[in-house]
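Working through the structure, step by step
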Amino acid sequence: MSGYTSDPRIRWQESLPWIIGIAAFFLLPEYLSLGARVLIYILFALSLDLILGYAGIITLGHSAFFGLGAYTAGVLSAKYGLTDPFLQLLAAAAAAALLGITTGAVILRTKALTLLMLTLAITSIVLEIANKATWLTGGADGLSGVKVDPILGLFKFDLFGKTAFIYCLIALFIGWLVVRRMIYSPFGAMLTGLRENTARMHAIGAPVYWRLVLVYTISATMAGVAGALLTQVNQFVGLNVLGLEPSGDLLVMLILGGVGRLYGAFVGPVVYLIAQDYLAKQYPEYWYFGIGVLLIVVVLFARGGILGIIDKWLQALSRQTSSAKASAR
Amino acid sequence: MAASALETDKLCKSFGALTVADRIDFRLEPGARHALIGPNGAGKTTFVNMLTGAIAPSSGRILLGGEDITKVNQAARVRRGLGRTFQVTTLFRSLPVLDNVALGIAERDGVARRMWKAASKHSEITDEAMQLLATLALTSDARTPVKDLPYGRQRLVEIAIALGLKPKVLLLDEPAAGVPSQDSGRILEVLAGLPGDIAILIIEHDMDLVFRFAQRITVLVQGQVLVEGRPDEIAADRRVRDVYLGEATHA
Amino acid sequence: MLSSVVSVAFHGVAYGMILYVISVGLSVTMGLMGFINLAHGVFAMAGGFILSTAMARLGVPFPLALVAAFAIVAILSIVLERLLYSRLYAAGELAQVLFSIGLIFISMALARLVYGNLAAPVFLPDYLRGQVQVLGRDFPTYRAFLIIFSALIIVSLWFGVERTRWGAMVRAAVDNRGMAQSVGINTRQLFMATFALGSGLAGLGGALGADILPVQWSYPFEHLVYFLIVVAVGGLGSLRGPFVAALLIGVADTACKYWIPEFGAFLIYAATIGILLWRPMGLFGVRA
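What you see is a predicted model; the values in this text were computed from it and never measured.

The helix and strand inventory of chain C stands at 11 helices and 2 strands. From first element to last, N terminus to C terminus, chain C shows the α and β order α-α-α-α-β-β-α-α-α-α-α-α-α. On C-alpha atoms alone, chain C measures out to a radius of gyration of 19 Å, which is about the 19 Å that the 2.2 N^0.38 rule sets for 288 residues. If one aligns the C-alpha atoms of chain C with their principal axes, the spans along those axes are about 60 × 45 × 35 Å. Counting all 288 residues of chain C, 56% fall into the buried class.

Below is the structure:
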């Protein structure tokens, strides 16, 4: 999809997510808070796909940036009275970027298990700090009473989640634009090269380490913004945005949708969160069982996730039509 | 005396008690057509790996265009003009041939960091890549993923990537290795047609290729330079023939 | 003051020994096959549940229940290895990570379904309850037993790896798998046997350590980070490295929770990061 031979023009199918989003706003008003949550996780998943699907960095610690962004927005509002939504986002982005560049610079010199372990350790530290620094973060109780000013002075966060949904939709749109541009650019081609054959990248003079730090920092910033959005929408932040679980859940969502395919980050969270909303309430014990089985099935038989399966069907379909055409001649 | 293109000064490498490179003094002139030969285990690959920066020497210096690059890392050496091909094809296998070459050109030109304009719209990169492919008769394969090409053509893509970096010095590690004999003629044509201002060092076992291509030959035996000279001198040298007694002279 | 130092050291060592018994299998199998098995904690949890169920519901005496924990988990691991793990040896790191997460999810859900939300109750036999006097001080008998019994297990394991043919093959294959195969070692069978042993040990450790690490449905995720720290800091494929790492963690964790509880595990994570940056292969790393 990326690269020097790809066509960067937006295909009509790519407008579907936005059409569906706007349709949902008008047709499903009771589900808008779930919808906002889905949009936030899509943004979060996009940030992970950038480093996992494109640069090939396997991490279980991405929740550190998400959680840091979430807590930055929460703390600034609840403890320091900063209620302007854009300033909150900016602060969250800056904090996450700072954590991203410092931890990235330090851990991206390592590989495989050591790297994975370090990402886990870092997210565990952030969780531990949030847990213990009760005076700042509210500890296990979290921070409630997070106030957010009306967007542009006009749109208050209402009880039905209308403002929240459109707010997140616009944020996601901007994030999607940025990521899409990046993927089709020479930088995106370079990231694919990094994933394909790192030795070759060294041999063409690419400063591999610095490129990894750069994409890691960009990814961290996006994840931080997603986290802040969650705090703003819920007007609350708690420990569940940190640690192994949100990282693990996000990984599952991305794999489900399809890694390295841009729109896998859309499909995954939609399917996962909607299914979870329905099934986990009905059968909570069976939910993780089902997800576990699904994960193993995907790993063994459908590595490309849902989009991978759709790709295969489309390919099989086009082969059938072309052979039908050929035999009809 | 004008600066050499590439030079080593008493280059040594030991792994514990095993000395793989023993005070190698080597000089590659600008525009050279130089070959490095020697029996298996002579230390040729280790020598090349030290030149490119893949491994660090135990002692000694390496100079590129007169500048000491002994402590410079691999990618930085490439940026300073030292290119190489690998003995085992090291390509971006699922990417098209054009991308393989374009990635290198983008690095050289400083375009690889650009995040806004689409890659395929960077015509300065894609045009140059296509021109390069044309000189190697790979134009028809531009959009084919490398892994779908026959091995001989993959070796050509290796060379194309290296050329795209506009190196001043090019190290070719067994360019004809594993290539069926009908295709190796193509490789020799390509090698003969390389720009005259690039200094080229090839490591080869195929003596046919070596004697047709090289203007100077260095013979490496057990980590030491045995002899260096013109092809006719080397062919006539008794010590070289002794060393190769029993070795096949054709790939 | 000295009294609390001794107490912390004692409990810390007990914790560390259990961590080692559980994690050593992970270190060896990861060094042997390069398979990132995050689900290792599942075997420890299973061992704990087997012990508890055997003793509480089936009236099995403690020693026999321990054997059952080891044996049943070892057999279970072989079944999993044949059916699932073996398909993923060449599948790459991401696939292995995802697979093991899936396994964790399934086992956590099963544990919750069968055993509910509470920790499995631990019924220690009478002869292991109470206190024991050592050098004029009282120590909990069970913890003392843990230390001694774990030491016995560890010594037997080390002896086995150093002196037996199996051990020699394991050391060879960890060092250089390709070479080991070309001298005729059947690495597939070797791995299966070693995996079974490592998982069985994890089960045994989980059963023994139910006192320190309560056995409940969230066990695999909760303790994953510590198991991985032991292996990563100790060094993949190494036998002694994780022992040192486990003792360090056991003592450090106990000390921190006792003397500076406001910091919790912060220091351990920070130390882990520091050590891994200094020595990415672990303190005693074997794999290059």
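Let us now look at the overall build of chain B. Within chain B, the regular secondary structure consists of 9 helices and 10 strands. With the principal axes as the frame, chain B shows a C-alpha extent of 60 × 40 × 35 Å. By residue count, 55% of the 251 residues in chain B fall in the buried class. Counting only contacts in chain B whose residues sit at least 6 apart along the sequence, the fraction spanning at least 24 positions is 65%. Accessible surface, chain B as shown: approximately 11100 Å² in total, 51% of it carbon and sulfur. Once the 31 positive and 30 negative side-chain charges of chain B are each reduced to a mean point, those two points are 5 Å apart.

All names here are of chain A. Direction vectors running N to C along helix α2 (residues 32-54) and helix α11 (residues 244-257) enclose 80 degrees, while the axes themselves pass 10 Å from each other. When the interaxial angle is binned, α2 and α11 end up roughly perpendicular. Residues Tyr41, Phe44, Ala45, Leu48, Asp49 and Leu52 of α2 form the contact with α11, whose participating residues are Leu250, Leu251, Met253 and Leu254. Across the contact of α2 with α11, the residue classes tally to 9 nonpolar, no polar and 1 charged.

All names here are of chain B. Strand order in the open sheet formed by 6 strands is β6-β7-β8-β3-β9-β10, with mixed pairing between adjacent strands. Two strands bound the open sheet, and with one partner strand each, they are β6 (82-85) and β10 (224-229). Pairs of neighbouring strands in the sheet enclose a mean axial angle of 20 degrees, with direction left out of account. Across the sheet, helix α1 (residues 44-52) touches β3 (33-37), β6, β7 (169-173), β8 (199-203) and β9 (216-221), and the angle it forms with β6 is around 145 degrees.

Attention shifts here to the sheet that holds strand β1 (residues 6-15) of chain B. Residue and element names in this part refer to chain B. Reading across from one edge, β2-β1-β4-β5 is the order of the 4 strands in this open sheet, with antiparallel pairing throughout. Bordering the open sheet on either side are β2 (18-28) and β5 (67-68), each of which pairs with just one other strand. Strand direction decides the pairing type here: strand β4 (residues 59-64) and β5, joined by 2 bridges, are antiparallel. In the sheet register, Leu64 faces β5, and the bridge partner there is Glu67. Contacts from α1 reach β1, β2 and β4 within the one sheet, and its direction differs from that of β1 by about 120 degrees.

On to the pattern of salt bridges. Residues and elements named next belong to chain B. Applying the stated criterion across every chain yields a total of 29 salt bridges over all chains. Its salt-bridge partner being Arg61, residue Asp9 comes within 3.5 Å of it at the nearest N-O pair. Taken as a pair, Asp9 in strand β1 and Arg61 in strand β4 lie far apart in primary sequence, 52 residues in all. On the accessibility criterion, Asp9 (27% relative accessible area) is partly exposed. For Arg61, a relative accessible area of 37% puts it in the partly exposed group. Here Asp68 and Arg61 are joined by a salt bridge, their closest N and O atoms 3.9 Å apart. Judged by its relative accessible area of 39%, Asp68 is partly exposed. Salt bridges linked by common partners bring Asp9, Lys10, Arg61 and Asp68 together as one network.

All names here are of chain C. Residue placement: Thr29 occurs in helix α1 (residues 2-33). Considering only alpha carbons, one finds Thr29 and Phe284, 255 residues apart in sequence, at a separation of 16 Å. A distance of 2.8 Å separates a polar atom in the side chain of Thr29 from the backbone oxygen of Gly25.

In this assembly, 40 residues from chain C lie in contact with 38 residues from chain A. Both sides together, the interface formed by chain C and chain A hides about 3600 Å², and carbon and sulfur atoms give 87% of it. On the chain C side of the contact with chain A, Leu94(C), Leu98(C) and Phe105(C) bury the most area, a combined 17% of that side's loss. At the boundary of chain C with chain A, the tally comes to 3 residue pairs in polar contact (both at pLDDT 80 or more). Among the residues forming the side of chain C that touches chain A, the class breakdown is 35 nonpolar, 2 polar and 3 charged.

Okay, the confidence of the model for chain C next. Averaged over every residue, the pLDDT of chain C is 87; the share at 70 or more is 99%. Scoring of the predicted complex yields 0.88 for pTM and 0.86 for ipTM.

Among the 9 residues that make up α1(B), 8 are buried, leaving the element largely enclosed by the rest of the structure. Where α1(B) terminates, the next one or two residues include Gly53(B), which has phi positive at roughly 95 degrees.

Take helix α5 (residues 112-132) of chain A next. End to end, α5(A) covers 30 Å across 21 residues, agreeing with the expected 30 Å (1.5 Å per residue, within 8%). In terms of burial, α5(A) is largely enclosed, as 16 of its 21 residues are buried.

So, about the interface of chain A and chain B. Taken residue by residue, the interface counts 30 residues in chain A and 38 residues in chain B. Where chain A abuts chain B, roughly 2900 Å² becomes buried across the two surfaces, and 63% of that area is made up of carbon and sulfur atoms. In terms of surface lost to chain B, no three residues of chain A exceed Tyr4(A), Arg200(A) and Ile204(A), which account for 29% of the buried area on that side. Remark: the boundary between chain A and chain B carries 2 salt bridges. Between Arg211(A) and Glu107(B) there is a salt bridge whose closest N-O contact spans 2.8 Å. Connecting chain A to chain B are 15 residue pairs in polar contact (both at pLDDT 80 or more). Counted by class, the side of chain A that touches chain B contains 16 nonpolar, 10 polar and 4 charged residues.

What follows deals with the packing of aromatic side chains. All names here are of chain A. A complete count under the given rule lists 37 aromatic pairs over all chains for this structure. Measuring from ring centre to ring centre gives 4.9 Å for Tyr209 and Trp210, while their planes differ by 65 degrees; the resulting arrangement is edge-to-face. A relative accessible area of 15% means that Tyr209 is categorised as buried. According to the relative accessible area criterion, Trp210 is exposed, its value standing at 56%.

With that settled, the discussion passes to the packing of helix α3 (residues 63-78) of chain A against helix α4 (residues 85-107) of chain A. Residue and element names in this part refer to chain A. For the pair α3 and α4, interaxial distance at closest approach is 8 Å and the crossing angle is 140 degrees. Considered as vectors, α3 and α4 are oriented oblique to each other. Our pair here, α3 against α4, has a crossing hand that is right-handed. Of the residues in α4, those in contact with Ala64, Phe65, Leu68, Gly69, Thr72, Ala73, Leu76 and Ser77 of α3 are Gln88, Ala91, Ala92, Ala95, Ala96, Leu99, Gly100 and Thr103.

Attention now goes to the pairing of β1(B). Residues and elements named next belong to chain B. Here β1 runs beside β2; their pairing, made up of 7 bridges, is antiparallel. Of the residues in β2, the one forming a bridge with Ser14 is Thr19. Count of turn residues in the β1/β2 antiparallel hairpin: 2 residues, of which Gly16 carries a positive phi of about 65 degrees.

As a further point, take the environment of Leu172(A). All names here are of chain A. Counting through the fold element by element, Leu172 comes out in helix α7 (residues 162-184). When its relative accessible area of 1% is taken as the criterion, Leu172 is described as buried. In this structure, the C-alpha to C-alpha distance between Leu172 and Ala226, residues 54 residues apart in sequence, is 8.8 Å. Those residues in contact with Leu172 that sit more than four places away from it in its chain are Trp18, Leu39, Ile42, Leu43, Leu46 and Phe266.

Among all residues save glycine, negative phi is the norm, and among peptide bonds the norm is trans. All names here are of chain B. With a phi close to 50 degrees, Lys10 is a non-glycine residue in the positive phi region. Along the chain, the position of Lys10 falls in strand β1. Although it is not a glycine, Arg23 sits at a positive phi angle of roughly 45 degrees. Here Arg23 lies in strand β2. A relative accessible area of 51% means that Arg23 is categorised as exposed.

Rules used throughout
- Residues numbered from 1 in each chain as written.
- Chains lettered and ligands numbered in written order.
- Predicted model: local features only at pLDDT ≥ 70, side-chain atom pairs only at ≥ 80, totals over all residues.
- Heavy atoms only, no water.
- Helix = DSSP H or I, 4+ residues; strand = E, 2+ residues; numbered from the N terminus.
- Rg over C-alpha atoms; globule rule 2.2 N^0.38 Å.
- Buried < 20%, exposed > 50% of the residue type's maximum accessible area, 1.4 Å probe, protein only.
- Contact = heavy atoms within 4.5 Å.
- Areas by Shrake-Rupley, 256 points an atom, 1.4 Å probe, with all protein chains shown as cover.
- Lys, Arg positive; Asp, Glu negative; His and termini not counted.
- Charge placed at Lys NZ, Arg CZ, Asp CG, Glu CD.
- Axes fitted to C-alpha atoms, helices over the stretch in contact; angles between N-to-C directions.
- Parallel < 35°, antiparallel > 145°, perpendicular 65-115°, else oblique.
- Nonpolar A, V, L, I, M, F, W, Y, C, P; charged D, E, K, R; others polar.
- Pairing = 2+ DSSP bridges.
- Salt bridge = Lys/Arg side-chain N within 4 Å of Asp/Glu carboxyl O.
- Polar contact = N/O pair within 3.5 Å; in protein donor to acceptor, adjacent residues only side chain to side chain.
- Buried area = accessible area lost by both parts, 1.4 Å probe.
- pLDDT = per-residue confidence, 0-100.
- Expected span 1.5 Å × (residues − 1).
- Phe/Tyr/Trp six-rings, centres within 6.5 Å; stacked < 30°, edge-to-face > 60°.
- Left-handed = near helix turned anticlockwise from the far one by under 90°.

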